[in-house]
Each structure stands twice: as C-alpha cells, then as structure tokens.
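Summary of structural features
Each chain, written out:
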Amino acid sequence: MEKHINITLNVWRQKNAQDEGGFVTYEAKGVSTEMSFLEMLDVVNEGLIRKGDEPIAMDHDCREGICGQCGVVINGRPHGPRERTTTCQLHMRSFEDGATITIEPFRAHAFPVIKDLIVDRGAFDRIIAAGGFISVPTGSAPDGNAAPVKRTCAELAMDAAACIGCGACVAACPNASAMLFVSAKISQLALLPQGQPERYTRVRDMVAQMDNEEFGTCTNHGECEAACPKAVRLENIALMNRDFIWSSLTYRPESGGGGA
Amino acid sequence: MPVAEQYLNSAGKGGFMDSSVGKKVVMAVTGVALFGFVTVHMLGNMQAYMGAKAMNAYAEFLHTMLHGAGIWVFRAVMLVAVILHGWAALSLTLDNRKARSKGYREQQLQAATWSSRTMRYTGVILGCFIVYHLLHLTTGQAHPDFKVGDAYANFVSGFQQVGASAFYIVAQLCLGLHLWHGVWSLTQTFGWAHPRYNKLRRTFASVVTVVVVGGNISFPIAVLAGIIR
Amino acid sequence: MELKSNIPEGPLEKKWEKHKFDMKLVNPANKRKYKVLVVGSGLAGGAAAASMAELGYQVECFCYNDSPRRAHSIAAQGGINGAKNYHNDGDSIQRLFYDTIKGGDYRAREANVYRLAEVSNNIIDQCVAQGVPFAREYGGLLDNRSFGGSLVSRTFYARGQTGQQLLLGAYQALERQIGLGTVKMYTRSEMLEIIIIEGVAKGIVIRDMVTGKVESHMGDAVVLATGGYGNVMYLATYAKGCNTSAIWRAHKKGAAFANPCYTQIHPTCIPVTGDHQSKLTLMSESLRNDGRIWVPKKKEDCKKPVEQIPEEDRDYYLERKYPTYGNLAPRDVSSRAAKQVCDEGRGVGETGLGVYLDFEAATKRLGAHKIEEKYGNLFEMYDRITGEDPYKVPMRIYPATHYTMGGLWVDYNLMSNVPGLFVLGEANFSDHGANRLGASALMQGLADGYFVAPYTVGNYLAGLKPGSCPSADHPEAKAAEAEVTGRVGRLLGIHGKETPTYFHRELGKILWEYCGMARTDAGLKKAIQLIPELRQRFWEDVKVPGSAADLNQSLELAGRVADFMELGELMCRDALDRRESCGGHFREEWQTAEGEALRDDENFCHVAAWEHTGDGNVPKRHVEELKFESVHLATRSYK
Ligand SMILES: Cc1cc2nc3c(=O)[nH]c(=O)nc-3n(C[C@H](O)[C@H](O)[C@H](O)COP(=O)(O)OP(=O)(O)OC[C@H]3O[C@@H](n4cnc5c(N)ncnc54)[C@H](O)[C@@H]3O)c2cc1C
Ligand code: HEM
Ligand code: HEM
Ligand code: SF4
Ligand code: F3S
Ligand code: FES
C-alpha cells in the first residue's frame, strides 16, 4: 500500500574530478513508498532544477537492474539495504518515515569520481579488453551444436555471466578489489569448451590488467558476494586463483614464430 | 571520453610475485607452512603433560635430528616463510590502502568477520610474539631463570610468571583469529572451492583453530593452576 | 528525393548470395586507409564495429553510456530466433521468413526479411563460439523454446537475460578490437549532428558528456545504430537514455524517415503507480502462457480486494473475445483489449490503469512449486517493484511502448538515401513492417551488424578513393559544430520555469493518448496542433541549470526532449496519413465488425518515407511500393 514518508538525504556533491566535494543535506517530504529510489531522486532533482540549482548527477540507464550503470552506496551499502537488488530496483518502501539516508559514490582509486555520484568504471572495460573474450572473427564459427556443453557447466557459466559490471563488488570490498567481477568473466569462459584455447593466457592477461588499474587484492572478506545484485559467487574467485596458479606453473613465453 | 588511452598499459605484466594473485599465493603457501608448524608445535608441546623427561627428550631429539642439521634446515625454512609472509602481507596491505584512498562516511559490512578484518593486526602481534617467544623460551634473554638445555624447566618457570602467561594467552587468541580466517582463506586462494565442500572448509578452519589455540592456551593455564609443575 | 531499394535481381533465395558475389571488395592493404564511424554500441553497432575492425578498417565507435556494454540491447529478456530446426519441428529459413512477413502485417520488404532469416543461423553459431551461455539440454545441445505465438520452437535463450548475453558477446568482441587498437571507443559521447559534404555523409559532431567539448569526427562512412525512439512516449520500457537525436539530426539533414508511426505496445508491463513514474518495466510475455487475464465485470468492484470478487463477476475478456488464442492473443491485440476495458472504467489498481494477470487457476492445476520453477524470477522481480506477492494476489499489468518499427529509411544495403550513411538495428525501418515478432529484434540487430553491414559498407568504400576523407577543419564540419554549440547555448539561455522532464512527460501524455494503441483522425489532428504548442512552450519556458562545459544531465535530457518534440509531430502525421490499420498501427476507423485491424492493401501496401522540408514546414511524404512475389497477402486472424 502506498504511504508517504519524509526523509533526510545526505548526498555527496562534487562538481568535477578536481573538486574536493562534500556532503549536502536535503529534505524530501511526502515521498511515496511506491517510488523507486531513483524516482525519489528524480523528484528531489526536479525541485533543485526549479530552484535553479544543479540536480544531483547520478548514473543510470535501464532502470530495471540489468545495464549495471546505476549504483551508489546507500547507508554504507552498495545498492542499498535490499539483497540482490540494484539501486534502480530498490523502492522507497525499504525505508522508514523520518529516515536519514546517506548517499555516497562508489569509492575506489580505480573508479575516480567524475561528478557527484558518478564514477568512471572504464577500468572494467580495459580489463575485458585485455582478455575477457574468446577470439572468433565474425563468420568463422562452427555450427552451434558442434560442441556439446555439459548442462551443469552451461548453467554455472550463465551464473557467472549474469554479472552486470556494476562495480558494487569493488565498492563493497574493504580492499576495493575487483576480483569478483574479473573472476566472473574468467569463470564463465573457462567453464565452456569454447573458452579453453585461451583459458590460461586470458587469466594472466586479465589479472595483469586488473593490477595495472590498481584495484586492491582479495583477502576473502566476502563482502563483494553479499553486495552483488546478481548473486555472483565467491567460488569464481577460487576458480580464477586456481587457473592463475596453473597458468603460472605452465607458462612458457611465446616462441618467436618466424617463417615467411 | 575515449576508453582510457585505448592501448592497454602493458608495463605491469611482470612476474608472478608482482601480481596480486601471485602475492596471495605466496601468502597462502607460507601460511600453510606456518599453520602446519603451529599445529605440530602444539602437539609436540603436549609432551609437557608427560613430564620433564619426555619433553626434554623431545627437545633433544629436535636439536639432534639429522646430526643437528635438521633444526637448521627447519629454521631456515621457517625464517624464509615468515619473511615472505610478512613481505606479502605488507605489500598487499599497502596496495589495498591505495586502492581505497578515500573512504566512506559510513560502511555497513555484511559478510566480513572480525577475524578477516583484523588479519594484519593479529599478524603483527603474532610477529612480535614470535620474537618475544624466541627470546623467552629458545635463547632465554627474556626469561628471568633460563636454563640452557632444560626446556621443561624453562617452560614451567616461564609460565609461573603471570605477566608472561597473560601475554601468551592474548597472543594465542590473536593466533586464533588469524588462523580461523587464514585457514579458510588459504583454501580459497588455492582454489579449493566447491559447494559440496564449502561448509567443510569452514568447519575445518574452526576445528583446527579451536584445537591449536585450545592446546596452546592450556599450557600457561596448566602451569598457573599447578597441573604442570 | 529518390527511394531506390536496390534489391538485387534473381529469385528470393539467391538474392543475398548473388549480391555478396557482385559486391566490390577493398584491397586488404587499403582497408586501413578507410575510416568508418559507428554510432551506437548495442547489438547492431557493437557487432558492426567489431566485425569491420577485424576486416581491417579503422573504426571509431561512440555511445552515450559509460561503457559499450550498457547499450539498451542488454535489457532484452525473451530470446533470439534462429531457423536452425534443431528440434525437427518443421522450421526452415522459408518459415521464419514467412512468419516474420506475416507478423509484420505485410508491410516489410520481402528481400530484406529473407536475408534476415537466412543469416539467423550464422548468428547463433557466432554467438555460441563467443561463449554466450545459451540454455542447454541435458545432452549438451542447445535448447529452444517457442515464443510470441510461433508454432515452432526456434527461440534461443539465456535464462531471462538473452539480450544481455548477446550484447556481452558483441561487447567482448568489440573490446578485443579496442585492445588491439583497431577500434577507438568514445564512451559518454553523444552524437548531436551529422556532417554532410556535397550530399555525402562524411562525419559526425559529438559532445563529450564529461567535458562538454564539441568536436567533429570525420570518416569515409557513417553508421548509425542508435536504437529505437520509443522514449518519445516518456513512459516506455526503454532505458532512460534512449533517444532519437542521432537519427533525427540525420533526418533533418536529408535522410528519409520511414513509417514513424509504427510503434509496438507490449501488453505485459508493470502498471504506472503515479506521477513520479519514470519508466515502465516489462514482464516477460511467457507469463501469459499460464496466467489468466481479467477485470471485474462491474466498475464498482474495481477497488475491492480480489477475494471479494466472485468468479461470476470476473470478465476474462481475452478468452471471451478470442476463444482460440485466448490469453495468448498477439501483443497488439491484447494491448488494445486491455486499454478498452480500462477506458470503460473497469481497470484495477490505484490508478485504474491495470488488469489482473492471475495465476490462481494455474497454481491449482500445476501446483505452486511448478509455478515457482517456471516463473520464480519474474515473480521475484514483480515483488521487488510493486511490493506485492504475486503468489498471493494476482499481478497487475498494463501495456507500454516497447519497440519502434519505424526508423530511417534504408535500401537493401542498409544505406539511407544519403550516400555513405548506413543505419542498422532498431534505428532503421527495414525488417519488421508494421509489427515485430518476439525474439526477432535481437536477430535483426546482430544480422545487420555482423553479417550485412561489413559487406555492404565495404562495397560502398570500394568506390571511394582511399585516404580521401576530409579533415575536421572542413567548413561543413565547422558549421555543424556551430549548430550544436548554438543549440546547447540556446537551451542553457532560456532560464524558464519548467524542467525538461516536465515537458517530456507532457509530450508523452499527448502521444500516448492520441498516437498510442488506438488512433483516430480527430485525435491525431488534435495532437498535430498540441505538439507544436508544447514545443513552443518548451523553447520559451524550459529551465536547464548548470553549464555546457561540464557533465550536465539536464542539458542532455533537454536536447533529447527537443528532438522528441519534433519527431512526435511527424509520428502523428504519419499515423494520420496512413488511413488503414496494420500491425501496431490501429486506426479506429479501419476495423472489422469484430474490432480487428483492417488493412488496405490497395492503397497502403507501401513504406511511407518522410522528407524534412525545413523547420515549420509540413514534411513531404514519399512512398516505396512493396511488392510481394513469394508470399500471399492474407488477413491476420487470431480468433
Ligand atoms: C525490455 C525489452 C525487452 C526486449 N526483449 C526482446 C527480446 O526478447 N527479443 C528481441 O528480439 N528483442 C527484444 N527487445 C528489442 C531489442 O532489445 C532492441 O530492439 C534491440 O536490442 C535494439 O538494438 P540496437 O543495437 O539497434 O540498439 P540499442 O541496443 O538501443 O543501442 C543503441 C546504442 O546507440 C547509442 N546511442 C543512442 N543514441 C546515441 C547518440 N545520440 N549518440 C551516441 N550514441 C548513441 C547507445 O549508447 C547504444 O550504444 C526488447 C526490448 C526491450 C525494451
Ligand atoms: C609477521 C606477521 C604476520 C602478518 C603481518 C600476517 C598477516 C597476514 C595477512 C595480511 C594475511 C592475509 C589474509 C588473507 O589473505 O585472508 C595472512 C594470512 C595468513 N597468515 Fe599471517 N601474518 C603474520 C604471521 C603469521 C603467522 C605467525 C602465522 C602462523 C601461525 C600466520 C598464518 C597465516 C595463515 C595460515 C594465513 C592464510 C593464508 C591465506 O590467506 O591464503 N601468519 N597473514
Ligand atoms: C603457549 C604456546 C607455546 C608454547 C608453550 C611454546 C613452547 C615452545 C618451547 C618450549 C620452545 C623451545 C623449544 C626448544 O628450544 O627446545 C619453543 C620454540 C619455538 N616456538 Fe613455541 N610455543 C608456543 C607457541 C608458539 C607459537 C604460537 C609460535 C608461532 C607462531 C611458536 C613458535 C616457536 C618457534 C619459531 C620456536 C623456535 C624453534 C627453534 O628452535 O627453531 N611457538 N616453543
Ligand atoms: S560481480 Fe556482481 S557486484 Fe561485481 S560487477 Fe558483477 S554484478 Fe556487479
Ligand atoms: S570483498 Fe574483497 S576481499 Fe575478496 S572476497 Fe570479495 S574481493
Ligand atoms: S539503471 Fe540499469 S541496472 Fe540500474
């Protein structure tokens, strides 16, 4: 049932990457509990615009929990208090009347703040570019049913592939480690027969790029798994570690090639 | 904005020990060694309950095995392990601090345990403990009535001092915190994760922690209580 | 304006094969001397950029999102069609072709649709090889389901996340090229103008959404794959950032806009809860397989709790009207039926805009655990959004805008009437006629991107001198940049009272009312009068705070709304002039006695392509006749 609540927001405002930034308090009155969290911010923003202030900048697009573009830290939890729920799918009925809500951007050295609550997650793209793919030039693929895939592997690969690249795992990890994200892609491809040829170079390259981006290291706190809106499992990190060890043990530098 | 500078930065593609996962593996391998040592060490020390003769014979055996080379080999391995372990811990801690250069105003942790969050502190305390412990029971500088060659006597007289015993007990509690997360964590690092065994991994960590810590704490208590004299 | 479809000669089944052979090839050593600009990194754009870079062209790719992985294609749930006939149930390229033509209510080009069906199989192979985790059977082979009322099982799916997985496949291929340095990716970059030099597309102007910098990018060919424009309705299932700006700018510079009035309204979306509503969420159509749709027979019952409405007072209107298809009647039919009962005042929920989708009977028949197994994740999503437990109370659903079949006019080569300007995916009009079948938009995006554009763009480039691409100092480029900065400055300078969202919402209300599920002559005429008024108010009274030299989300939105205002009017004109009902376009004046869409093949078996004739002028309607050589025009019936 629809209710109307009054809330206080402490929002991180930062003009641009160079700006110091700080918290600003806003009162939101008569917020419908049927609103999504972003709709609540929309209403606050409409009010700000009418007053001639700049609205709170915040990333979002699909608003249905799949694009991974939204994501802020709400009361100390990435994507807010509801499990397996992205910020855009969080609704105001998760909050009490009179609540104070602190909204901060995802914090990580590798995710610099661009403005207000918007951060730059380009590091994720660069990690994928380093090896998060299977090299198949267009048109060179064999028939889709040429290589059967064990159903359990297909399902596990899908579990890992469900990652939306939102970065909440990084935001939640006390070490700002990106290992859940990185391992999700590594596992997905390592579990499928198509991913085997590049399996061990992929893990090396992706981990190297992850380190270049200066993410932290996993010390197995498990916060990432708890924050992940898509329930990507910690087990993927274990699988990545295993593949990394194996790839290091069996590494041999590429032979020079040559020939005509 | 172009996705970064387009070309990937290939500078960091260094060796195993430079990579984050590599350092973790170092942590885990040395962790296993240290964990194995404390377990065996605790079991060895159980001989204290069997009296002076047994314990001193055991100490004697340790010092003379392989014509006395054994202990040095062992010491070298332990030393390397502790140094590597400490180095990896320091290096990872620095990296992790840098990775979250600006913190949150508020952070509500969901899954991290007290044990996982205090690893670096319990680790440092353990490091200090080891130094003290060596000066106390191995070389004797920190022991008021140290008798060279009489491990049992040193052990009993050492723990009869309440201060020393208290420090031992605190150190063992830190060891417990460190091991409880550490043992589980190293299985994750080695990639031994499977839903079928995940519970077992936790249980294993809990059991060995309780056994090792329980065993160790029993020594000062037994001495103070007069069970071991 | 000349609309030459350039359909190759020969029998339908041989056209593409023959055309591929006839097309010119670019010398491999010369490929890197050509630059292709790809705007959009969804299925269509991402696939095209990656494939062309693999071939050796220099590619620059642009998207407004912070990463190419977030394009709106990611939201597609249901699946993707392919004519593999893995299930031995009689599927074939011919049948997929036929179903698509029929589904589009005979308003699509035969040759294009046939090619689409033909390459559908290559798409599946390509995606599997990329590691897309399609659902599998226990034997390890690919699973299929039937979708959107099709009689064969040809839909490949990855849980409810098919679009996501396909997009990630394309994205990874694209990232690989970015890593190799063959594609230069520009994220958070919005295309705001096209550069046309001597009648040929040679570049685009983008605004860097972080720094506000406006700059030109020049290329030998421009590919627009910027998705659909359904957000013109304000409330839609689209991602919030989806816009028409790229294609609208191209239209204003000479590209014909085809069939703008063809929009698809999806029947199963979560209803609006109030004025704050910012978008609508789609619930998978598969729910209609087991859910029964009803409203109370009496208006007075609408606000009552469900258990107080006895069975005999419930109106299962779809089952009543369409005994054969019942709750599975096609999207347009069941959407319209829902609107009808709500217009009669029998809608349910707080706003009265909703109908029940009830699983009680199915739960009794199959058992609660079976329902959970089949629909668990959808029920969870519904609960998350509405706060109601669909295991206990029936879901409420309402139709919402979901897809736009119209778009820039393109020929068989996917090139618009402006040479050098190619349009792929939902942004073009080509393959779905007046209505799109479920699971075929993903197929079209990938067909265009992986398998059509790389050939046809190459064919176009082969006719150009390598290295002849003009520089960004060209006066046309400077003029286009000035237009962009001018418009941005104008928006910032109005200092009015209302927010861009306010105007967007108002525009949406007009279009939903008069150019939505059912359209009338009077209504459309009214809209054509209301929209320019609203547009004028917008340009006088919009308030855009902040600066141009900064990340400014109000400015971005205001620019998009400004373009939607113009497009909205064109949609109404198109709908007004198409005096027939077909697919997603339902004119109340043209219906059968039973209330079904009545096509007029005599007068309207054509594509309507609009030419922009200057601001304030009435646009000009051109026609491309559709010839059906291989299928028989028949009336759709779902009774
Ligand atoms: C909820 C939902 C479910 C769906 N389910 C299905 C389904 O099950 N099966 C099916 O076949 N189809 C489905 N569809 C339809 C299908 O998803 C889309 O039609 C298709 O993905 C469109 O792909 P695209 O590549 O053409 O465009 P998009 O994926 O929309 O990509 C557009 C790209 O262009 C960029 N862009 C846009 N404007 C600009 C600009 N001005 N400047 C720079 N860049 C710009 C964007 O950043 C983006 O990268 C669904 C659609 C919705 C809304
Ligand atoms: C020199 C002082 C020490 C420091 C600073 C230190 C610190 C750490 C840190 C930071 C970790 C990583 C935690 C993680 O990844 O989850 C760790 C792991 C571990 N430590 Fe220590 N530690 C020290 C000494 C010891 C000692 C003396 C022992 C044995 C008794 C020990 C046993 C372990 C074990 C078993 C692990 C688990 C390895 C892993 O996580 O893979 N440590 N230590
Ligand atoms: C209450 C618990 C403990 C008791 C009673 C105990 C007892 C002893 C004794 C008696 C010795 C001397 C053996 C000898 O010189 O003959 C010794 C040595 C040693 N102990 Fe412990 N110990 C305890 C806990 C620990 C812990 C937790 C660690 C490590 C983290 C540790 C590390 C060592 C080391 C490294 C040596 C030196 C071995 C050598 O000679 O090289 N001890 N311990
Ligand atoms: S692993 Fe989970 S939290 Fe991390 S990016 Fe992927 S979806 Fe987000
Ligand atoms: S929270 Fe961080 S420490 Fe590891 S388990 Fe997750 S990445
Ligand atoms: S806006 Fe797309 S996941 Fe939230």
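Just so it is clear, the model here is predicted, and its values are computed rather than measured.

**Re the overall build of chain A**
Helix and strand content of chain A: eight helices and seven strands. For chain A, the spread of C-alpha atoms along the principal axes amounts to about 70 × 40 × 35 Å. Taken over 260 residues, chain A has a buried fraction of 66%. Long-range contacts, defined as pairs at least 24 residues apart, comprise 69% of the intrachain contacts of chain A with a sequence gap of at least 6. By element, 50% of the accessible surface of chain A is carried by carbon and sulfur atoms, the whole surface being about 8700 Å².

**Section: the overall build of chain B**
Counting its secondary structure elements, chain B contains eight helices and zero strands. Written out in order from the N terminus, the α and β elements of chain B read α-α-α-α-α-α-α-α. Reported as C-alpha extents along the three principal axes, the dimensions of chain B are approximately 75 × 40 × 40 Å. Buried positions account for 42% of the 229 residues belonging to chain B. A fraction of 71% describes how many contacts in chain B between residues 6 or more apart in sequence connect residues 24 or more apart. Of the accessible surface of chain B, which amounts to about 12300 Å², a share of 70% is contributed by carbon and sulfur atoms. If the 18 positive side-chain charges of chain B are averaged to one point and the 7 negative ones to another, these points end up 10 Å apart.

**Here's the deal with the coordination of the iron atom of ligand 3**
Coordination of the iron atom of ligand 3 by the protein is provided by H41 of chain B (NE2) and H133 of chain B (NE2), with metal-donor distances spanning 1.9 to 2.0 Å. In this structure H133 of chain B comes out as buried when scored by relative accessible area, which is 17%.

**So, the coordination of the iron atom of ligand 2**
Angles between donor atoms at a metal ideally measure 109.5 degrees for a four-coordinate tetrahedral arrangement and either 90 or 180 degrees for a six-coordinate octahedral one. Residue and element names in this part refer to chain B. Those protein atoms acting as donors to the iron atom of ligand 2 are H85 (NE2) and H178 (NE2), and they sit at 2.0 Å. Considering all six donor atoms around the iron atom of ligand 2, angles at the metal cover 88 to 179 degrees and the coordination shape is octahedral. Taken together, the positions of H85 in helix α3 (residues 69–99) and H178 in helix α7 (residues 162–189) put the pair 93 residues apart, joining distant regions of the chain. Across the pair, H178 and H85 agree in class, each one buried.

**Examining the sheet that holds strand β2 (residues 58–62) of chain C**
Residues and elements named next belong to chain C. Strand order in the open sheet made by the five strands is β5-β2-β1-β9-β17, with parallel pairing throughout. Of all the strands in the sheet, the pair left with one neighbour each is β5 (183–186) and β17 (421–423). Strand-to-strand twist in this sheet, taken as the mean axis angle between neighbours without regard to direction, amounts to 20 degrees. Most of the contacts of helix α6 (residues 162–180) go to β5, to which it runs at about 110 degrees, and overall it touches β2 and β5.

**Details of the site of ligand 4**
Residues and elements named next belong to chain A. Around ligand 4 sit C163, I164, G165, C166, G167, A168, C169, L180, F181, C228, P229 and V232, and those are all the residues in its vicinity. Of all elements in the fold, only α4 (168–172) and α5 (179–190) reach the threshold of two or more residues within the shell around ligand 4. Tallied by class, the residues present in the shell around ligand 4 amount to ten nonpolar, two polar and no charged.

**Looking at the nonpolar core**
Membership of the largest hydrophobic core comes to 227 residues, with the highest contact counts inside it found for F215 of chain A together with I80, L224, L421, L461 and F538 of chain C. When we break this core down by domain, the ones giving at least three residues each are domain 1 (4–114) and domain 2 (121–250) of chain A. Aside from chain neighbours lying at most four places away, what touches L224 of chain C is V39, M191, A246, I247, A250, L408, L421, F422, V423, L424 and A427 of chain C.

**Looking at the site of ligand 5**
Close contacts around ligand 5 come from C173, N175, S177, C218, T219, N220, H221, G222, E223, C224 and L234 of chain A, and that covers them all. Across the shell around ligand 5, the residue classes tally to four nonpolar, six polar and one charged.

**Focus: unusual backbone geometry**
Its identity as a non-glycine residue notwithstanding, D116 of chain A has a phi of 40 degrees, on the positive side. Tracing the backbone through its elements, the reader meets D116 of chain A in the loop between β6 (113–115) and β7 (118–119). Phi angles above zero are rare outside glycine, and N6 of chain C is one such case at about 55 degrees. Looking at the secondary structure, you find N6 of chain C in the segment before α1 (15–22). Residue classification places N6 of chain C among the partly exposed positions, given a relative accessible area of 36%.

**A look at α6 of chain C**
Between its first and last C-alpha atoms α6 of chain C spans 27 Å; for 19 residues at 1.5 Å apiece the expected length is 27 Å, and the two agree. Of all 19 residues that make up α6 of chain C, 18 are buried, and the element is covered over most of its length.

**Details of the sheet that holds strand β8 (residues 214–218) of chain C**
Pairing between the strands of a sheet comes from backbone hydrogen bonds, and it takes one of two forms, parallel or antiparallel. Residues and elements named next belong to chain C. As summarised here, the arrangement of the three strands in space is β6-β7-β8, forming an open sheet in which the pairing is antiparallel. Here the strands that pair on one side only, and so sit at the sheet edges, are β6 (189–197) and β8. With strand direction ignored, the average angle separating the axes of adjacent strands in the sheet is 30 degrees. Where helix α13 (residues 475–493) meets the sheet, its contacts fall on β6, β7 (200–208) and β8, and the angle it forms with β6 comes to roughly 140 degrees.

**Remarks on the environment of R331 of chain C**
All names here are of chain C. Topologically, R331 is positioned in helix α9 (residues 331–343). A relative accessible area of 8% means that R331 is categorised as buried. Distance from R331 to L318, taken between C-alpha atoms, is 12 Å for residues 13 residues apart in sequence. Setting aside chain neighbours within four positions, we find R331 in contact with F147, Q264, I265, H266, P267, E285, R288, H402, R436 and G438. Polar contacts involving the side chain of R331 include one to the side chain of Q264, which spans 2.7 Å.

**Focus on the domain arrangement of chain A**
Residue and element names in this part refer to chain A. Looking at the assigned domains, one finds that chain A contains domain 1 (4–114) and domain 2 (121–250). Computed from C-alpha coordinates alone, the two centres of domain 1 and domain 2 are separated by 29 Å. Domain 1 puts 19 residues into the contact, and the matching count from domain 2 is 20 residues. At the boundary of domain 1 with domain 2, total buried surface from both sides reaches about 1400 Å², with 63% on carbon and sulfur atoms. On the domain 1 side of the interface with domain 2, the three residues burying the most area are R84, A110 and F111, jointly 34% of the side's total. For the pair domain 1 and domain 2, the number of links is one salt bridge. In this structure, D59 engages R121 in a salt bridge whose closest nitrogen and oxygen atoms are separated by 3.6 Å. The interface formed by domain 1 and domain 2 contains four residue pairs in polar contact (both at pLDDT 80 or more). Its residues assigned to classes, the side of domain 1 that touches domain 2 shows nine nonpolar, seven polar and three charged.

**A word on the packing of α1 of chain C against helix α5 (residues 110–130) of chain C**
All names here are of chain C. Relative to each other, α1 and α5 sit at 90 degrees, their axes nearing to 9 Å. When the axis of α1 is compared with that of α5, the two are roughly perpendicular. Taking contact as the criterion, the partners of K15, W16 and E17 in α1 are, on α5, A111, R115, E118 and V119. For the contact of α1 with α5, the per-class residue count stands at three nonpolar, no polar and four charged.

**Quick notes on the pattern of salt bridges**
All chains considered together, the criterion is met by 71 salt bridges over all chains. K115 of chain A is the salt-bridge partner of E54 of chain A, the closest N and O atoms lying 2.7 Å from each other. Taken together, the residues span a long stretch of sequence, with E54 of chain A in the loop between α1 (37–51) and β3 (73–74) and K115 of chain A in strand β6 at a distance of 61 residues. Given a relative accessible area of 3%, K115 of chain A falls into the buried group. For the salt bridge of D601 of chain C with R107 of chain C, the shortest nitrogen-to-oxygen distance reads 2.9 Å. Residue D601 of chain C is found in helix α17 (residues 601–604), and its partner R107 of chain C is found in the loop between α4 (93–103) and α5; the two are separated by 494 residues along the sequence. Take R107 of chain C: its relative accessible area is 1%, and that puts it in the buried class. One salt-bridge network, held together by shared partners, links D105, R107, R578, E580, R599 and D601 of chain C.

**Side note on the environment of Y356 of chain C**
Residues and elements named next belong to chain C. Structurally, Y356 is set in strand β14 (residues 355–358). In this structure Y356 comes out as buried when scored by relative accessible area, which is 6%. If sequence neighbours within four positions are ignored, Y356 has contacts with R292, I293, W294, K304, V306, V348, P394, M395 and R396.

Calculation notes
Residues numbered from 1 in each chain as written. Chains lettered and ligands numbered in written order. Predicted model: local features only at pLDDT ≥ 70, side-chain atom pairs only at ≥ 80, totals over all residues. Heavy atoms only, no water. Helix = DSSP H or I, 4+ residues; strand = E, 2+ residues; numbered from the N terminus. Buried < 20%, exposed > 50% of the residue type's maximum accessible area, 1.4 Å probe, protein only. Contact = heavy atoms within 4.5 Å. Areas by Shrake-Rupley, 256 points an atom, 1.4 Å probe, with all protein chains shown as cover. Lys, Arg positive; Asp, Glu negative; His and termini not counted. Charge placed at Lys NZ, Arg CZ, Asp CG, Glu CD. Donors = N, O, S within 2.8 Å, 3.2 Å for Na, K, Ca; no water. Tetrahedral: all angles 85-135°; square planar, octahedral: opposite > 155°, others 65-115°. Pairing = 2+ DSSP bridges. Axes fitted to C-alpha atoms, helices over the stretch in contact; angles between N-to-C directions. Near = heavy atom within 4 Å. Nonpolar A, V, L, I, M, F, W, Y, C, P; charged D, E, K, R; others polar. Core = buried A, V, L, I, M, F, W, Y, C linked by side-chain atoms within 4.5 Å. Domains from an automatic or database assignment. Expected span 1.5 Å × (residues − 1). Polar contact = N/O pair within 3.5 Å; in protein donor to acceptor, adjacent residues only side chain to side chain. Buried area = accessible area lost by both parts, 1.4 Å probe. Salt bridge = Lys/Arg side-chain N within 4 Å of Asp/Glu carboxyl O. Parallel < 35°, antiparallel > 145°, perpendicular 65-115°, else oblique.

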